[in-house]
Amino acid sequence: MIGIFDSGIGGLTTVKAIMEKLPGYDIVYFGDTARTPYGTKSCGTVINYSLENSKLLMEKGAKLIIMACNTASSVATEKVKENFDTPVFEVISPAVKRALKESRKKQIGIIGTRGTIKSNVYEKMIKGFDKSASVFSEPCPLLVPLVEEGWTERPETAMIVKKYIQPLKVRQIDTLVLGCTHYPVLKDVIQRKAGKRVKLIDSAEAVTDEVVNFLQENPDFDKSLSKNGKTDFFVSDVTEQFKITARSIIKKRIELKHIEI
Ligand code: DGL
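Residues numbered from 1 in each chain as written. Predicted model: local features only at pLDDT ≥ 70, side-chain atom pairs only at ≥ 80, totals over all residues. Heavy atoms only, no water.

1. Here's the deal with the overall build of the protein
Along the protein, the regular secondary structure elements total twelve helices and ten strands. In terms of overall dimensions, the protein is globule-like: its C-alpha atoms have a radius of gyration of 17 Å, near the 18 Å expected for 261 residues. Counting only C-alpha atoms, the protein reaches 45 × 40 × 35 Å along its principal axes. In the protein, once contacts between residues fewer than 6 apart in sequence are set aside, the share between residues at least 24 apart is 74%. Within the structure as shown, the protein displays about 12,000 Å² of accessible surface, and the carbon and sulfur contribution to it stands at 49%. On the protein, the mean spot of the 40 positive side-chain charges and the mean spot of the 32 negative ones are 6 Å from each other. (Helix = DSSP H or I, 4+ residues; strand = E, 2+ residues; numbered from the N terminus. Rg over C-alpha atoms; globule rule 2.2 N^0.38 Å. Contact = heavy atoms within 4.5 Å. Areas by Shrake-Rupley, 256 points an atom, 1.4 Å probe, with all protein chains shown as cover. Lys, Arg positive; Asp, Glu negative; His and termini not counted. Charge placed at Lys NZ, Arg CZ, Asp CG, Glu CD.)

Here is the structure:
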């Protein structure tokens, strides 16, 4: 079973990508909706939550963990890898590799939560691969609540996206990393505001390709994963709005089961 967690329901963008690229693989998802957002919390708290979420997924039968949250990936990857003897995937490095591959001018913009942007993880990693690259980052703290509320088509959301993207446009970025797994839900409006020449990098898609490659390279491990087309969605708080938003991301009726963490 593939275990996937996020601070809320944004990580469902990764579930959707996994369902498309690895159809039939059993998936267990945990969205920590009771404690979302993570982007405004301290590193220590996000590390503790990430360890608890991984433990829960393992207890539900996960054999591989995807930290489908940039905020958790940016501060808690090492600790989760240390504590669980199972393949652990984070969303930062796949997005970085893809951005460097796609960017011609190496003028790369990053948008993410305050926590992710403050950690500077994207900039450090990009520069580690290519010193000549220029990286421009913008925290976008209002976007996660707008996605969780389902405000994807509202004019207010478009205005806020425009405000966040403007400083990056001024820097003439040619590539923009959606450094939060909630943001693919706003891909259309982000693309419109960034301009069609800017290549968007979706961290949910990038990590999915990394998992697919890993399974191809490790056929024995791949065989050990169950493939009965079973998907379980657990959340630490269920509200009507979470249900509506979750269905609009996955594009089908899903049941969100409440679980205490
Ligand atoms: N989807 C999470 C991320 O990728 C959102 C973080 C939050 O809860 O603030 O960063």
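2. Looking at the site of the ligand
In the vicinity of the ligand, 14 residues are found, and the nearest of them are Ser7, Tyr38, Gly39, Thr71 and His182. Measuring from a nitrogen atom of the ligand, one finds a side-chain N or O atom of Asp6 at 3.0 Å. At a separation of 2.7 Å, an oxygen atom of the ligand approaches a polar backbone atom of Asn70. (Near = heavy atom within 4 Å. Polar contact = N/O pair within 3.5 Å; in protein donor to acceptor, adjacent residues only side chain to side chain.)

3. Side note on the sheet that holds strand β5 (residues 107–112)
Reading across the sheet, the four strands line up as β6-β5-β7-β8 and stay open at both edges, with parallel pairing between neighbours. The open sheet has two edge strands with one neighbour each: β6 (134–139) and β8 (199–202). Averaged over all pairs of adjacent strands, the angle between their axes in this sheet comes to 20°, without regard to strand direction. Of the strand pairs in this sheet, strand β7 (residues 175–179) and β8 are connected by four bridges, and their pairing is parallel. Each residue of the ladder has a partner; that of Leu176, found in β8, is Leu200. (Pairing = 2+ DSSP bridges. Axes fitted to C-alpha atoms, helices over the stretch in contact; angles between N-to-C directions.)

4. Digging into the side chain of Ser50
By the element assignment, Ser50 lies in helix α2 (residues 43–59). Among the residues examined, Ser50 registers a relative accessible area of 0% and is labelled buried. For Ser50, the side chain forms a polar contact with the main-chain oxygen of Val46, separated by 2.7 Å. With residues up to four places along the chain from it excluded, the contact list for Ser50 reads Phe5, Ala72, Ala76 and Val80. (Buried < 20%, exposed > 50% of the residue type's maximum accessible area, 1.4 Å probe, protein only.)

5. Things to note about a positive patch on the surface
Judged by side-chain charge, Arg104, Lys105, Lys196 and Arg197 come together as a positively charged surface patch. Tracing the sequence through the fold places Arg104 in the loop between α4 (92–102) and β5. (Patch = residues over 30% accessible without salt bridge, like charges linked within 9 Å, V, L, I, M, F, W, Y side chains within 5 Å. Salt bridge = Lys/Arg side-chain N within 4 Å of Asp/Glu carboxyl O.)

6. Let's talk about the sheet that holds strand β4 (residues 88–90)
Strand order across the open sheet formed by six strands is β4-β3-β1-β2-β9-β10, with parallel pairing between neighbours. Two strands close off the open sheet at either side, each with one partner strand: β4 and β10 (256–258). Going from strand to strand, the sheet's axes swing by 25° on average, the running direction of each strand aside. Here strand β1 (residues 2–6) pairs with strand β2 (residues 27–31) via five bridges, running parallel. When the sheet's bridge partners are listed, Ile2 is paired in β2 with Ile27.

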